[in-house]
Amino acid sequence: MAEYSRLAKGHFTSTGNAQPIFLPFQPDRVKVLNYTLAAAGAAASKIISAQWDVSMGQGIAIVQAYTSGSALVYDIVATNGISSFSEGLSLQFGNNILLGASGGIAKTSATVLTVTTTAAHGLSAGNWVVFNNLYETATTGMQTLAGIPFQVVSVTSTTVFTISWVGNASNLTAIDGSATGTPGFKQILYPAIYVPGIAFPWSITLSAGVITVNTTAPHNFQVGQEIAFRIPSIYGAKELNQLQSTTLPGSPQYFYVSTVASSNVFTFNYSGSLSAFSVANPPFASFPGLKFAQVFAAGDVNSGGFPYNGGNLYPSPTVYQGYSTAAVNTINGPSIQGAFINATAQGFIIGAGAGTAVTGGVLVGANTNVIYWEAFLDDYVAN
Amino acid sequence: MSERLAVAMRQAEDLILRDYIISAASEINAGGGGNGDNPTNYGVTDFSLLATTLDTNNSYKFMSGIEGMDRFGTGPVRSSYFMLASTELQTDFDGMVGQGFKNQWDYPNNTSALQSEYGSVFNIRILTSSENPVARGTSANGQDIYYNPVLGKQAVTHINQDGYSMNLIYRDPYYSGMLAQNATLAIKFAQAQALTQDTAIRISLATRLSASL
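Conventions and cut-offs
- Residues numbered from 1 in each chain as written.
- Chains lettered and ligands numbered in written order.
- Predicted model: local features only at pLDDT ≥ 70, side-chain atom pairs only at ≥ 80, totals over all residues.
- Contact = placed C-beta atoms within 7 Å.
- Helix = DSSP H or I, 4+ residues; strand = E, 2+ residues; numbered from the N terminus.
- Nonpolar A, V, L, I, M, F, W, Y, C, P; charged D, E, K, R; others polar.
- Domains from an automatic or database assignment.
- pLDDT = per-residue confidence, 0-100.
- Pairing = 2+ DSSP bridges.
- Expected span 1.5 Å × (residues − 1).
- Buried ≥ 20, exposed ≤ 12 C-beta atoms within 10 Å, placed from the backbone.

### Things to note about the interface of chain A and chain B
It is common to give the size of an interface as the accessible area that goes away when the parts come together. Contact residues are listed per partner, giving 33 residues for chain A and 32 residues for chain B. Of all the secondary structure elements, the ones that give two or more residues to the side of chain A that touches chain B are strand 10 (128-132), strand 19 (226-230) and strand 22 (294-299) of chain A. For the side of chain A that touches chain B, the leading source of residues is strand 22 of chain A, giving 3 residues. Residue composition of the side of chain A that touches chain B, grouped by class: 18 nonpolar, 12 polar and 3 charged.

Structure (structure tokens):
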């Protein structure tokens, strides 16, 4: 029975982060081989190969790995192993992960909040999450950021990750194990199916005629594209609003992205004055019905497609799609920069999970490791 | 089977357009309700704010008003924008009767009411659908968030290609192999959509007054 089975193979150079592989089908079996490590010979705490079957469950993998004594053994990756996906519908979420008795959210710095969970969070850097029930007491906590999509900036351990926010803001009270709510979060499974979309700024600063905007999750903007803002007055910086309702109500203003420093940072030129922007302004008590500051794409780059940098003559656009911190090519053909595109996809993800017994290496390999893979969709499954 | 597949094809078209709109247009959280969540459940002030925002943005309304008539229990209907809302919000709308919500059966006449039209609040007429987008358990208090686009006439367009929109493809078993064992049935379609005026659309986010209703 192989009439309708599908097979695929390929290879990539690992970044050390979870690697999505886009396919024209959703595989039910995957094999992975780390060529770099296999060629290097026996070495302590390395995962050499992996196999996954959908019947094992998502995020699992059986691996062959070298122990700390360089003995080759079988092991299991229990979280962040291999999983398949079909990305077609928006607003799909993972389970609600409670921070739990030993979890919380620490006010780490002016740019960082650190989230700790009691059980393994199962996240990789680049995933997107949305928080809920951030009550430390009935009248304090972090509810002013609940509902905003955040990109996981870094994963410190299986129970700790960080996000970008004004972490020392006065309107926030750290969440800890004594929180009166049941604080938790959900992973946004497919956060960027249609891009560029809406982004949520947590910092807007003006310096020497250039405004720098930091967003909580990737904005997917391109240099030269047109953007606009909707900023409720409580946050400040209302001069940037698309409709200022001052001198000429109903006449929208737009800006052009001048640089894209990273997935979450962009700049544009601005000649006027700007009142201070701060996400620390709304008090905790104001969170019911609180409207968030937003920046959104309003026009594409008039000069056309993506510049040719070698490789494919007509490259597809790249999108920060929530699988890792790197942008990935979509299944589309060439497009105009900054224009709305769909980034629907299906395939599988090779995670950055470690073994249960062999904990030194990760499934997807270290940065620069060359990984070969095979994927299968079987048309006959006996049991 | 082919009938169900054709329905699925049309639903897929709707879902793509739906997801595109909620991804691209800016959002307004409801704040007029009293459930203490973010967004809150709907209050009539949310509809007033939405219509005011779109009016200030010089959006075109979809429908002209319905003049009052001498019929018991009816009242005139304002010229209106359309809100595309979830059927799950209908209990909340019913709870706003007397506060500004008017069921379409309370219109002076409902000849201009669409089949899916549930009613109106001030300058917004509400259409409900079971396929309207909802983010389960993601509000500040962990309740479902409903994404309800409110549109002016010039907000969105749908582009069809000349001579091609969709195909329902049937291949009889003759083509499957020498033994002619399997027929195949498939659909494919092409569509494109665009926000033609981003100031004429807002995604209104709301929770329900009580999730147990």
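### Quick look at the domain arrangement of chain A
As assigned here, chain A comprises domain 1 (6-86 + 346-377) and domain 2 (97-188). The interface of domain 1 of chain A with domain 2 of chain A comprises 7 residues on the first partner and 5 residues on the second.

### Structural notes on the confidence of the model for chain B
Any segment with low pLDDT has predicted coordinates that should not be analysed in fine detail. Averaged over all residues, the pLDDT of chain B equals 89, while 99% of them reach at least 70. In the model output, the complex is listed with pTM 0.90 alongside ipTM 0.89.

### Quick word on the sheet that holds strand 10 of chain A
Residue and element names in this part refer to chain A. An order of 7-14-10-11 is seen for the 4 strands of this open sheet, with the pairing classed as antiparallel. The sheet is open, and its two edges are formed by strand 7 (97-98) and strand 11 (150-151), each paired on a single side. Pairing analysis gives 5 bridges linking strand 10 to strand 14 (residues 184-188), with the strands arranged antiparallel. Note on strand 14: the bridge partner recorded for Phe 131 is Phe 185.

### What to know about helix 1 (residues 2-24) of chain B
The end-to-end C-alpha distance of helix 1 of chain B, which contains 23 residues, comes to 33 Å, matching closely the 33 Å that a straight helix rising 1.5 Å per residue would cover. Those residues of helix 1 of chain B that sit buried are Ile 16, Arg 18, Asp 19, Tyr 20, Ile 21, Ile 22, Ser 23 and Ala 24 of chain B. In the core, the buried residues of helix 1 of chain B are packed alongside strand 15 (194-195) of chain A together with strand 7 (145-151), strand 8 (156-159), strand 11 (192-195) and strand 12 (201-206) of chain B.

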